[in-house]
Amino acid sequence: MDNFTKNWLLLMLLTLFAFGLGWLKLLSLWSFALLLFTTFIKGHIIADYFMGLKEIKGKYRLIPTIWLFITLTLVALAYYVPIK
Amino acid sequence: MMALMKDTKLKNQYPAGDFAVWIIIYIELLTFGLFFVGFAYSRRADVEMFNASQLLLDQRAGLVNTIILLTSSYFVVKAVEAIKKLEPKEAIKKAKNWLLGAMGMGGVFLVIKMMEFVGKYQEGINLSTNKFFMFYFILTMFHFMHVLLGMVILFHLYTQTKLGNYTPTQHRGLETGASYWHMVDFIWIVLFPLIYIMR
């Protein structure tokens, strides 16, 4: 089995896991964090292996990863920082 | 020899395909990122309404569409790989099939999304129902337009592949279109949990 197929299967598993969390309404703080983390991993796999950024040095590889990190962190803060 | 080494080094410094598409991809990421963060912070004003509205969405449709887009992206990767690694005749045949599969998947995604939109309109839900649905329609319709454009690009890649215009050494156009299609997938990866699951 080639790397692309393995990554596609991993993406499928992570997607089913995310769906399971929502479907079973298992959204505690920890599962929310897990959901964000799996989303980050999925995005990273697409950027690195599907977009081919793994072979690229420097900033162009980092931009999608930084985007994922900032976006998901801001979403997490919006969801879990208490409203005054 | 020096020129060749320099060229190889340059290829490793820049992402695959035409660099212009990467400018577009980075701009798209910024735009969608602002929408995602806007959605998350708007939710703070009325968490209960956002959660109740989210329950009206069909999570299964979101799941199926995620699987479809990821699989479609995988098919495009396999098409590029075929062109890069196989003998021309076999490469064209396989790449054509992978691209047809990717287009088929894209088509199914659009049909499911259309069914969701029509279903919501029939229930009397639209852009002005509340802030959750305003974001839902803007984000998913904006993404829908990108999938639509992606389908046009995939069709172009298919015709160029059929004409034998991509070879193991000349496939920049194919990589450019493929990068755009992966971007559409990349954005959906965040959109799906944010709109359909997180609460």
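Residues numbered from 1 in each chain as written. Chains lettered and ligands numbered in written order. Predicted model: local features only at pLDDT ≥ 70, side-chain atom pairs only at ≥ 80, totals over all residues.

**Q** Describe the overall build of chain A, naming the residues involved and giving the relevant values.
**A** Secondary structure assignment for chain A yields 3 helices and 0 strands. Along the chain direction, N to C, the helices and strands of chain A fall in the order α-α-α. Its C-alpha atoms put chain A at 45 × 30 × 15 Å along the principal axes. Here chain A, with 84 residues, has 32% of them falling under the buried criterion. (Helix = DSSP H or I, 4+ residues; strand = E, 2+ residues; numbered from the N terminus. Buried ≥ 20, exposed ≤ 12 C-beta atoms within 10 Å, placed from the backbone.)

**Q** Report on the environment of Leu53 of chain A, specifying residues and quantitative values.
**A** Counting through the fold element by element, Leu53 of chain A comes out in the loop between helix H2 (29-50) and helix H3 (59-80). Taking the C-alpha atoms as reference points, Leu53 of chain A and Leu68 of chain A, separated by 15 residues in sequence, lie 14 Å from one another. When residues no more than four places from it in sequence are discounted, the contact partners of Leu53 of chain A are Ala47, Asp48, Tyr60, Arg61 and Pro64 of chain A together with Pro15 of chain B. (Contact = placed C-beta atoms within 7 Å.)

**Q** Can you tell me about the environment of Tyr158 of chain B, naming the residues and giving the values?
**A** Residues and elements named next belong to chain B. Looking at the secondary structure, you find Tyr158 in helix H6 (residues 131-162). Residue class for Tyr158 comes out buried when judged on the 20 C-beta atoms lying within 10 Å of it. A sequence separation of 66 residues divides Tyr158 from Ile92, and the C-alpha atoms of the two residues are 9.5 Å apart. Those residues in contact with Tyr158 that lie beyond four places of it in its chain are Lys96, Leu99, Leu100 and Met103.

**Q** Give me the interface of chain A and chain B: which residues, what numbers.
**A** With 36 residues of chain A in contact, the opposing surface of chain B contributes 37 residues. Those elements giving two or more residues to the side of chain A that touches chain B turn out to be helix H1 (3-23), H2 and H3 of chain A. Element by element, the count of residues in the side of chain A that touches chain B is highest for H1 of chain A, at 10 residues. Looking at side-chain class alone, the side of chain A that touches chain B contains 26 nonpolar, 7 polar and 3 charged residues. (Nonpolar A, V, L, I, M, F, W, Y, C, P; charged D, E, K, R; others polar.)

**Q** Outline the packing of helix H2 (residues 19-43) of chain B against H6 of chain B, listing residues and values.
**A** Residue and element names in this part refer to chain B. Two elements in contact, H2 and H6, have axes whose closest approach is 10 Å; the angle formed by their N-to-C orientations is 170°. For the element pair H2 / H6, the angle class is roughly antiparallel. Handedness of the H2/H6 crossing: left-handed. Judged by residue contacts, Phe35, Phe39 and Ser42 of H2 engage Lys131, Phe135 and Leu139 from H6. Taken together, the residues of the contact of H2 with H6 break down into 4 nonpolar, 1 polar and 1 charged. (Axes fitted to C-alpha atoms, helices over the stretch in contact; angles between N-to-C directions. Parallel < 35°, antiparallel > 145°, perpendicular 65-115°, else oblique. Left-handed = near helix turned anticlockwise from the far one by under 90°.)

**Q** Would you mind going over the environment of Ile195 of chain B in detail, with residue names and values included?
**A** All names here are of chain B. Mapped onto the elements of the fold, Ile195 is located in helix H7 (residues 172-197). Here the alpha-carbon distance between Ile195 and Gly119, two residues 76 residues apart in the chain, equals 17 Å. Discounting residues that sit within four places of it in the chain, Ile195 has contacts with Tyr136 and Leu139.

**Q** Now, about H7 of chain B: what can you tell me, with residues and values included?
**A** Helical periodicity: at 3.6 residues per turn, an α-helix aligns residues three or four positions apart in one direction. Residue and element names in this part refer to chain B. Here H7 spans 37 Å end to end across 26 residues, near enough to the 38 Å set by a 1.5 Å rise per residue. At Leu191, H7 shows its largest bend, some 30°, and a proline, Pro193, comes one to four positions later. Here H7 lies mainly inside the structure; 24 of its 26 residues are buried. (Expected span 1.5 Å × (residues − 1). Bend = angle between axes of the 7 residues up to and from the residue.)

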